[in-house]
Amino acid sequence: MGGERAGSRRRRLRRSARRLARRVDLRRLVSRRRDGPPLGLGTAKTTLAAVISWELALRLPGTQPPVLAPLTALLVTQLTLVKTITGSLQRVASVTAGVLLALGVADLLGLHWWSVGLVVFVSLAVGQVLKLGSHRVEVPVSALLVLTLGGTAGVARTRVLETLIGAGVGVVVNALLVPPVYIRPAGDAIYELADHMAGVLEGAATDLAEGWSGEDAYERLLEARELDAEVRDAGEAVGQAEDSLRLNPRRRLVGDPSDELREGLTSLEHSVILIRGLCRSLVELDTVTGGRGPGSPLQAALGRVLVELADAVRAFGEHLAASVPGPPANQAPLYRALARARVARDQLAKEMAAGPGEAPRAWQVHGYLLANIDRLLSELDPEGQTWPGTIRPD
(Lines give C-alpha, C1' and ligand atoms only; values in the text may rest on other atoms or scores of the structure.)
Protein backbone atom coordinates (compact mmCIF):
# COMPACT_ATOMS: atom_id res chain seq x y z
CA MET A 1 0.00 0.00 0.00
CA GLY A 2 2.81 2.37 0.92
CA GLY A 3 4.59 1.54 -2.35
CA GLU A 4 1.47 2.43 -4.37
CA ARG A 5 1.18 5.76 -2.57
CA ALA A 6 4.86 6.51 -3.23
CA GLY A 7 4.42 5.63 -6.91
CA SER A 8 1.36 7.85 -7.13
CA ARG A 9 3.25 10.75 -5.57
CA ARG A 10 6.12 10.31 -8.04
CA ARG A 11 3.72 10.38 -10.97
CA ARG A 12 2.05 13.53 -9.67
CA LEU A 13 5.43 15.20 -9.25
CA ARG A 14 6.42 14.24 -12.80
CA ARG A 15 3.18 15.61 -14.18
CA SER A 16 3.73 18.87 -12.30
CA ALA A 17 7.29 19.06 -13.63
CA ARG A 18 6.05 18.53 -17.19
CA ARG A 19 3.48 21.30 -16.81
CA LEU A 20 6.19 23.63 -15.52
CA ALA A 21 8.53 22.66 -18.37
CA ARG A 22 5.83 23.50 -20.91
CA ARG A 23 5.44 26.97 -19.42
CA VAL A 24 9.19 27.63 -19.08
CA ASP A 25 10.91 26.21 -22.16
CA LEU A 26 14.43 25.33 -21.00
CA ARG A 27 15.29 23.33 -24.10
CA ARG A 28 16.65 26.43 -25.84
CA LEU A 29 19.45 26.52 -23.27
CA VAL A 30 20.75 23.15 -24.46
CA SER A 31 19.82 23.60 -28.11
CA ARG A 32 22.45 22.51 -30.58
CA ARG A 33 21.11 24.90 -33.17
CA ARG A 34 23.26 27.77 -34.41
CA ASP A 35 21.08 30.57 -35.75
CA GLY A 36 23.57 32.19 -38.08
CA PRO A 37 27.16 32.55 -39.23
CA PRO A 38 30.04 32.57 -36.74
CA LEU A 39 29.84 35.49 -34.32
CA GLY A 40 33.25 36.91 -35.26
CA LEU A 41 32.54 36.87 -38.99
CA GLY A 42 29.17 38.59 -38.70
CA THR A 43 30.56 41.21 -36.34
CA ALA A 44 33.52 41.91 -38.62
CA LYS A 45 31.30 42.30 -41.70
CA THR A 46 28.92 44.65 -39.94
CA THR A 47 31.76 46.75 -38.54
CA LEU A 48 33.51 46.95 -41.90
CA ALA A 49 30.30 48.03 -43.69
CA ALA A 50 29.60 50.71 -41.05
CA VAL A 51 33.15 52.14 -41.24
CA ILE A 52 33.21 52.23 -45.04
CA SER A 53 29.79 53.89 -45.12
CA TRP A 54 30.91 56.52 -42.62
CA GLU A 55 34.04 57.36 -44.59
CA LEU A 56 32.18 57.64 -47.87
CA ALA A 57 29.38 59.74 -46.36
CA LEU A 58 31.89 62.17 -44.82
CA ARG A 59 32.55 63.40 -48.36
CA LEU A 60 28.99 64.61 -48.74
CA PRO A 61 28.29 68.33 -48.25
CA GLY A 62 26.81 69.32 -44.91
CA THR A 63 27.78 69.96 -41.32
CA GLN A 64 25.93 67.12 -39.60
CA PRO A 65 27.79 63.85 -38.86
CA PRO A 66 26.66 61.25 -41.43
CA VAL A 67 25.17 58.87 -38.86
CA LEU A 68 22.50 57.56 -41.19
CA ALA A 69 24.97 55.87 -43.58
CA PRO A 70 26.64 53.54 -41.03
CA LEU A 71 23.26 52.96 -39.36
CA THR A 72 21.76 51.78 -42.63
CA ALA A 73 24.75 49.54 -43.35
CA LEU A 74 24.54 48.07 -39.85
CA LEU A 75 20.88 47.15 -40.27
CA VAL A 76 21.05 45.62 -43.73
CA THR A 77 24.16 43.47 -43.22
CA GLN A 78 22.42 41.45 -40.50
CA LEU A 79 20.30 39.63 -43.08
CA THR A 80 20.59 37.08 -45.87
CA LEU A 81 21.74 38.42 -49.23
CA VAL A 82 18.23 38.55 -50.69
CA LYS A 83 16.85 40.26 -47.59
CA THR A 84 19.80 42.63 -47.64
CA ILE A 85 18.87 43.73 -51.15
CA THR A 86 15.13 43.95 -50.52
CA GLY A 87 15.67 45.62 -47.14
CA SER A 88 17.99 48.18 -48.72
CA LEU A 89 15.44 49.01 -51.41
CA GLN A 90 12.67 49.35 -48.84
CA ARG A 91 14.79 51.56 -46.62
CA VAL A 92 15.77 53.83 -49.52
CA ALA A 93 12.12 54.04 -50.59
CA SER A 94 11.05 54.86 -47.02
CA VAL A 95 13.63 57.61 -46.59
CA THR A 96 12.87 59.10 -50.02
CA ALA A 97 9.13 59.15 -49.35
CA GLY A 98 9.63 60.76 -45.94
CA VAL A 99 12.00 63.38 -47.32
CA LEU A 100 9.67 64.36 -50.15
CA LEU A 101 6.75 64.61 -47.76
CA ALA A 102 8.77 66.78 -45.36
CA LEU A 103 9.80 69.16 -48.12
CA GLY A 104 6.20 69.65 -49.15
CA VAL A 105 5.01 70.26 -45.59
CA ALA A 106 7.90 72.62 -44.78
CA ASP A 107 7.08 74.83 -47.75
CA LEU A 108 3.32 74.82 -47.28
CA LEU A 109 2.58 74.46 -43.56
CA GLY A 110 5.72 75.14 -41.55
CA LEU A 111 6.66 73.44 -38.28
CA HIS A 112 3.75 73.28 -35.80
CA TRP A 113 2.30 70.65 -33.49
CA TRP A 114 -0.57 70.00 -35.90
CA SER A 115 1.74 69.80 -38.92
CA VAL A 116 3.92 67.28 -37.06
CA GLY A 117 0.84 65.17 -36.35
CA LEU A 118 -0.26 65.42 -39.95
CA VAL A 119 3.20 64.37 -41.19
CA VAL A 120 3.27 61.33 -38.92
CA PHE A 121 -0.25 60.26 -39.93
CA VAL A 122 0.33 60.69 -43.66
CA SER A 123 3.79 59.11 -43.48
CA LEU A 124 2.51 55.94 -41.83
CA ALA A 125 -0.30 55.75 -44.37
CA VAL A 126 2.19 56.14 -47.25
CA GLY A 127 4.41 53.43 -45.80
CA GLN A 128 1.45 51.07 -45.59
CA VAL A 129 0.33 51.81 -49.13
CA LEU A 130 3.86 51.23 -50.45
CA LYS A 131 4.07 47.95 -48.47
CA LEU A 132 7.39 48.87 -46.87
CA GLY A 133 7.03 46.31 -44.09
CA SER A 134 9.18 46.90 -41.02
CA HIS A 135 10.76 49.91 -42.75
CA ARG A 136 7.41 51.73 -42.75
CA VAL A 137 8.41 53.70 -39.64
CA GLU A 138 11.37 55.14 -41.55
CA VAL A 139 8.95 57.36 -43.52
CA PRO A 140 7.81 59.49 -40.54
CA VAL A 141 11.28 59.34 -38.95
CA SER A 142 12.89 60.77 -42.09
CA ALA A 143 10.17 63.36 -42.51
CA LEU A 144 10.48 64.59 -38.91
CA LEU A 145 14.28 64.77 -39.08
CA VAL A 146 14.19 66.81 -42.25
CA LEU A 147 11.52 69.10 -40.77
CA THR A 148 13.50 69.76 -37.58
CA LEU A 149 16.70 70.41 -39.52
CA GLY A 150 15.10 73.14 -41.57
CA GLY A 151 13.27 71.35 -44.33
CA THR A 152 15.74 72.50 -46.99
CA ALA A 153 16.51 70.67 -50.22
CA GLY A 154 20.17 70.30 -49.20
CA VAL A 155 19.32 68.51 -45.96
CA ALA A 156 16.87 66.24 -47.76
CA ARG A 157 19.36 65.38 -50.50
CA THR A 158 22.08 64.57 -47.95
CA ARG A 159 19.79 62.24 -46.01
CA VAL A 160 18.82 60.32 -49.15
CA LEU A 161 22.45 60.06 -50.26
CA GLU A 162 23.55 58.78 -46.83
CA THR A 163 20.88 56.09 -47.01
CA LEU A 164 21.96 55.10 -50.52
CA ILE A 165 25.60 54.88 -49.43
CA GLY A 166 24.82 52.75 -46.37
CA ALA A 167 22.50 50.45 -48.30
CA GLY A 168 24.91 50.05 -51.19
CA VAL A 169 27.90 49.32 -48.96
CA GLY A 170 25.85 46.86 -46.93
CA VAL A 171 24.82 44.94 -50.06
CA VAL A 172 28.35 44.85 -51.47
CA VAL A 173 29.97 43.75 -48.21
CA ASN A 174 27.36 41.06 -47.61
CA ALA A 175 27.70 39.79 -51.18
CA LEU A 176 31.50 39.71 -51.36
CA LEU A 177 32.51 38.63 -47.83
CA VAL A 178 31.10 35.14 -47.21
CA PRO A 179 27.36 35.79 -47.61
CA PRO A 180 25.51 33.88 -44.88
CA VAL A 181 24.08 30.42 -45.53
CA TYR A 182 21.57 29.01 -43.05
CA ILE A 183 21.52 25.37 -44.15
CA ARG A 184 23.05 23.97 -40.97
CA PRO A 185 20.64 25.81 -38.62
CA ALA A 186 17.75 24.40 -40.68
CA GLY A 187 19.13 20.86 -40.34
CA ASP A 188 19.57 21.36 -36.61
CA ALA A 189 16.00 22.68 -36.29
CA ILE A 190 14.63 19.60 -38.03
CA TYR A 191 16.70 17.32 -35.79
CA GLU A 192 15.44 19.12 -32.67
CA LEU A 193 11.85 18.74 -33.85
CA ALA A 194 12.35 15.00 -34.42
CA ASP A 195 14.08 14.67 -31.06
CA HIS A 196 11.20 16.33 -29.22
CA MET A 197 8.68 14.19 -31.10
CA ALA A 198 10.62 11.11 -30.03
CA GLY A 199 10.63 12.45 -26.47
CA VAL A 200 6.82 12.50 -26.41
CA LEU A 201 6.69 8.86 -27.57
CA GLU A 202 9.37 7.78 -25.10
CA GLY A 203 7.58 9.58 -22.28
CA ALA A 204 4.35 7.76 -23.09
CA ALA A 205 6.24 4.45 -23.12
CA THR A 206 7.76 5.23 -19.73
CA ASP A 207 4.31 5.99 -18.33
CA LEU A 208 3.02 2.63 -19.59
CA ALA A 209 5.97 0.80 -18.04
CA GLU A 210 5.05 2.22 -14.63
CA GLY A 211 1.36 1.34 -14.87
CA TRP A 212 -1.70 2.68 -16.61
CA SER A 213 -2.80 6.25 -15.89
CA GLY A 214 -5.38 8.26 -17.80
CA GLU A 215 -3.93 11.48 -16.40
CA ASP A 216 -0.50 10.61 -17.79
CA ALA A 217 -2.06 9.81 -21.17
CA TYR A 218 -3.75 13.22 -21.23
CA GLU A 219 -0.51 14.97 -20.27
CA ARG A 220 1.24 13.31 -23.21
CA LEU A 221 -1.56 14.45 -25.50
CA LEU A 222 -0.96 18.03 -24.36
CA GLU A 223 2.76 17.65 -25.12
CA ALA A 224 1.95 16.29 -28.58
CA ARG A 225 -0.32 19.25 -29.29
CA GLU A 226 2.47 21.66 -28.35
CA LEU A 227 4.70 20.18 -31.05
CA ASP A 228 2.86 22.40 -33.54
CA ALA A 229 4.85 25.41 -32.32
CA GLU A 230 8.10 23.56 -32.98
CA VAL A 231 6.89 22.63 -36.45
CA ARG A 232 6.42 26.35 -37.14
CA ASP A 233 9.92 27.11 -35.82
CA ALA A 234 11.43 24.44 -38.05
CA GLY A 235 9.45 25.75 -41.01
CA GLU A 236 10.85 29.23 -40.44
CA ALA A 237 14.38 27.81 -40.26
CA VAL A 238 13.91 25.92 -43.54
CA GLY A 239 12.45 29.04 -45.16
CA GLN A 240 15.47 31.04 -44.02
CA ALA A 241 17.77 28.37 -45.47
CA GLU A 242 16.00 28.54 -48.82
CA ASP A 243 16.15 32.33 -48.76
CA SER A 244 19.86 32.38 -47.90
CA LEU A 245 20.70 30.38 -51.05
CA ARG A 246 18.94 32.74 -53.46
CA LEU A 247 21.39 34.95 -55.38
CA ASN A 248 24.15 33.57 -53.15
CA PRO A 249 27.48 32.99 -54.97
CA ARG A 250 28.33 30.28 -52.39
CA ARG A 251 25.41 28.14 -53.54
CA ARG A 252 27.57 25.93 -55.75
CA LEU A 253 30.06 25.37 -52.96
CA VAL A 254 27.59 24.40 -50.22
CA GLY A 255 25.03 22.72 -52.48
CA ASP A 256 21.28 23.15 -52.32
CA PRO A 257 19.63 20.61 -49.99
CA SER A 258 16.54 22.79 -49.54
CA ASP A 259 14.31 20.30 -51.38
CA GLU A 260 15.37 17.49 -49.04
CA LEU A 261 14.86 19.72 -46.02
CA ARG A 262 11.41 20.78 -47.18
CA GLU A 263 10.34 17.20 -47.95
CA GLY A 264 11.71 15.98 -44.62
CA LEU A 265 9.92 18.75 -42.75
CA THR A 266 6.67 17.85 -44.51
CA SER A 267 7.05 14.23 -43.39
CA LEU A 268 7.68 15.34 -39.80
CA GLU A 269 4.72 17.70 -39.93
CA HIS A 270 2.48 14.80 -40.95
CA SER A 271 4.12 12.64 -38.29
CA VAL A 272 3.27 15.18 -35.58
CA ILE A 273 -0.39 14.79 -36.50
CA LEU A 274 -0.07 11.00 -36.26
CA ILE A 275 1.71 11.17 -32.89
CA ARG A 276 -1.07 13.39 -31.64
CA GLY A 277 -3.53 10.76 -32.88
CA LEU A 278 -1.63 8.04 -31.00
CA CYS A 279 -1.76 10.04 -27.78
CA ARG A 280 -5.42 10.79 -28.35
CA SER A 281 -6.10 7.06 -28.76
CA LEU A 282 -4.41 6.39 -25.41
CA VAL A 283 -6.80 8.86 -23.78
CA GLU A 284 -9.77 7.19 -25.50
CA LEU A 285 -8.50 3.79 -24.40
CA ASP A 286 -8.62 4.98 -20.83
CA THR A 287 -12.20 6.15 -21.37
CA VAL A 288 -13.55 2.97 -22.98
CA THR A 289 -11.96 0.74 -20.34
CA GLY A 290 -13.33 2.78 -17.46
CA GLY A 291 -9.85 3.87 -16.38
CA ARG A 292 -8.50 0.32 -16.14
CA GLY A 293 -6.50 0.52 -19.33
CA PRO A 294 -5.43 -2.50 -21.39
CA GLY A 295 -4.22 -5.75 -19.87
CA SER A 296 -0.57 -6.15 -18.90
CA PRO A 297 0.58 -8.02 -22.08
CA LEU A 298 -1.08 -5.47 -24.36
CA GLN A 299 0.21 -2.58 -22.28
CA ALA A 300 3.77 -3.91 -22.49
CA ALA A 301 3.48 -4.45 -26.25
CA LEU A 302 2.17 -0.93 -26.72
CA GLY A 303 5.06 0.48 -24.72
CA ARG A 304 7.58 -1.41 -26.89
CA VAL A 305 5.99 -0.02 -30.05
CA LEU A 306 6.22 3.52 -28.73
CA VAL A 307 9.91 3.06 -27.85
CA GLU A 308 10.72 1.70 -31.32
CA LEU A 309 8.71 4.46 -32.99
CA ALA A 310 10.65 7.04 -30.99
CA ASP A 311 13.92 5.51 -32.20
CA ALA A 312 12.69 5.63 -35.80
CA VAL A 313 11.60 9.28 -35.53
CA ARG A 314 14.94 10.26 -34.02
CA ALA A 315 16.85 8.28 -36.67
CA PHE A 316 14.84 10.10 -39.36
CA GLY A 317 15.83 13.47 -37.91
CA GLU A 318 19.47 12.44 -37.57
CA HIS A 319 19.50 11.26 -41.19
CA LEU A 320 18.22 14.60 -42.45
CA ALA A 321 20.53 16.65 -40.25
CA ALA A 322 23.57 14.59 -41.26
CA SER A 323 22.82 15.12 -44.96
CA VAL A 324 23.14 18.94 -44.84
CA PRO A 325 25.50 20.20 -45.89
CA GLY A 326 27.21 17.27 -47.50
CA PRO A 327 26.52 14.00 -49.31
CA PRO A 328 23.45 11.91 -48.41
CA ALA A 329 23.91 10.20 -45.07
CA ASN A 330 23.82 6.45 -44.56
CA GLN A 331 20.19 5.30 -44.38
CA ALA A 332 20.98 1.97 -42.71
CA PRO A 333 20.29 3.18 -39.11
CA LEU A 334 16.90 4.51 -40.20
CA TYR A 335 15.98 1.26 -41.97
CA ARG A 336 17.01 -0.79 -38.95
CA ALA A 337 14.91 1.38 -36.64
CA LEU A 338 11.92 1.05 -38.98
CA ALA A 339 12.35 -2.73 -39.13
CA ARG A 340 12.37 -2.99 -35.33
CA ALA A 341 9.28 -0.78 -35.13
CA ARG A 342 7.43 -2.98 -37.62
CA VAL A 343 8.26 -6.10 -35.63
CA ALA A 344 6.94 -4.43 -32.47
CA ARG A 345 3.84 -3.29 -34.36
CA ASP A 346 3.09 -6.84 -35.50
CA GLN A 347 3.48 -8.12 -31.93
CA LEU A 348 1.09 -5.42 -30.74
CA ALA A 349 -1.47 -6.52 -33.34
CA LYS A 350 -1.20 -10.11 -32.07
CA GLU A 351 -1.75 -9.01 -28.49
CA MET A 352 -4.78 -6.98 -29.57
CA ALA A 353 -6.25 -9.99 -31.35
CA ALA A 354 -5.65 -12.25 -28.34
CA GLY A 355 -6.90 -9.79 -25.73
CA PRO A 356 -10.14 -10.17 -23.73
CA GLY A 357 -13.34 -8.67 -25.06
CA GLU A 358 -14.80 -7.14 -21.92
CA ALA A 359 -14.57 -3.65 -23.47
CA PRO A 360 -16.08 -3.94 -26.97
CA ARG A 361 -15.47 -0.28 -27.79
CA ALA A 362 -11.73 -0.84 -27.26
CA TRP A 363 -11.52 -2.64 -30.62
CA GLN A 364 -12.26 0.59 -32.44
CA VAL A 365 -9.51 2.37 -30.50
CA HIS A 366 -7.15 -0.51 -31.29
CA GLY A 367 -7.87 0.02 -34.96
CA TYR A 368 -7.06 3.73 -34.69
CA LEU A 369 -3.81 2.92 -32.90
CA LEU A 370 -2.66 0.47 -35.57
CA ALA A 371 -3.70 2.80 -38.39
CA ASN A 372 -1.72 5.72 -36.95
CA ILE A 373 1.30 3.49 -36.33
CA ASP A 374 1.23 2.23 -39.93
CA ARG A 375 0.90 5.74 -41.33
CA LEU A 376 3.71 6.99 -39.12
CA LEU A 377 6.01 4.20 -40.31
CA SER A 378 5.12 5.05 -43.91
CA GLU A 379 5.92 8.74 -43.37
CA LEU A 380 9.34 7.90 -41.97
CA ASP A 381 10.22 5.35 -44.66
CA PRO A 382 12.25 6.83 -47.58
CA GLU A 383 10.76 4.16 -49.84
CA GLY A 384 7.28 5.14 -48.78
CA GLN A 385 7.74 8.76 -49.83
CA THR A 386 8.61 10.52 -53.07
CA TRP A 387 11.85 12.08 -51.88
CA PRO A 388 14.08 14.10 -54.23
CA GLY A 389 16.72 11.83 -55.71
CA THR A 390 14.98 8.67 -54.49
CA ILE A 391 13.50 6.13 -56.89
CA ARG A 392 10.51 4.41 -55.41
CA PRO A 393 10.52 0.62 -55.70
CA ASP A 394 8.09 -1.07 -58.08
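Residues numbered from 1 in each chain as written. Predicted model: local features only at pLDDT ≥ 70, side-chain atom pairs only at ≥ 80, totals over all residues. Heavy atoms only, no water.

Q: Break down the overall build of the chain for me, with residues and values.
A: Within the chain, the secondary structure is distributed over 15 helices and 0 strands. Within the chain, buried positions represent 45% of all 394 residues. Counting contacts in the chain only where the partners sit at least 6 residues apart, residues at least 24 apart contribute 81% of the total. As presented, the chain carries roughly 19900 Å² of accessible surface, and 60% of it is formed by carbon and sulfur atoms. (Helix = DSSP H or I, 4+ residues; strand = E, 2+ residues; numbered from the N terminus. Buried < 20%, exposed > 50% of the residue type's maximum accessible area, 1.4 Å probe, protein only. Contact = heavy atoms within 4.5 Å. Areas by Shrake-Rupley, 256 points an atom, 1.4 Å probe, with all protein chains shown as cover.)

Q: Which residues make up the packing of helix α6 (residues 138–148) against helix α7 (residues 153–176), and what values do they have?
A: Axis separation between α6 and α7 bottoms out at 10 Å; the angle between their running directions is 140°. Seen from above, α6 lies across α7 with right-handed handedness. The residues of α7 that touch α6, namely those facing E138, V141, S142, L145 and V146, are V155, A156 and R159. A per-class count over the contact of α6 with α7 returns 5 nonpolar, 1 polar and 2 charged. (Axes fitted to C-alpha atoms, helices over the stretch in contact; angles between N-to-C directions. Left-handed = near helix turned anticlockwise from the far one by under 90°. Nonpolar A, V, L, I, M, F, W, Y, C, P; charged D, E, K, R; others polar.)

Q: Account for helix α14 (residues 332–354), with residues named and values stated.
A: With 23 residues, α14 should cover 33 Å at 1.5 Å per step; its first-to-last C-alpha distance of 33 Å lies within 8% of that length. Buried residues of α14: L334, A337, L338, A341, A344, R345, L348 and M352, and no others. Among the structural elements, α13 (296–322) and α15 (362–380) are those in contact with the buried residues of α14. (Expected span 1.5 Å × (residues − 1).)

Q: Outline the environment of T80, listing residues and values.
A: Looking at where T80 falls in the secondary structure, it is placed in the loop between α3 (68–76) and α4 (81–108). On a C-alpha basis, the gap between T80 and N248 in space is 8.8 Å, while along the polypeptide they are 168 residues apart. Those residues within four positions of T80 in sequence are excluded, and the remaining contacts are N174, P180, Y182, Q240, D243 and S244.

Q: Which residues make up the pattern of salt bridges, and what values go with them?
A: Evaluated as defined, the whole model comprises 14 salt bridges. Notably, a salt bridge pairs R314 with E202, separated by 2.8 Å at the nearest N-O pair. In this pair, R314 is assigned in helix α13 and E202 in helix α8 (residues 183–209), connecting sequence segments 112 residues apart. For R314, a relative accessible area of 17% corresponds to the buried category. By relative accessible area, which is 28% here, E202 ends up partly exposed. E223 is the partner of R220 in a salt bridge, and the nearest nitrogen-oxygen pair spans 3.1 Å. Taken as a pair, R220 and E223 lie in helix α9 (residues 214–225) at a separation of 3 residues, close to a single helical turn. For the pair R220 and E223, one class covers both residues: buried. Here the salt bridges share partners, and the residues they tie into one network are R91, E138 and R159. (Salt bridge = Lys/Arg side-chain N within 4 Å of Asp/Glu carboxyl O.)

Q: So what's going on with the environment of E308? Residues and values would help.
A: Its place among the elements puts E308 in helix α13. The class of E308 is buried, set by a relative accessible area of 18%. For the pair E308 and A339, spaced 31 residues apart in sequence, the C-alpha to C-alpha distance is 9.1 Å. Each residue touching E308, except ones within four places of it in the same chain, is listed here: A337, R340, A341 and A344.

Q: Explain the side chain of H366 residue by residue, including any values.
A: Relative to the helices and strands, H366 is located in helix α15. Setting aside chain neighbours within four positions, we find H366 in contact with L285, L298 and M352.

Honestly, that's just the spatial picture; any functional story needs more than this.
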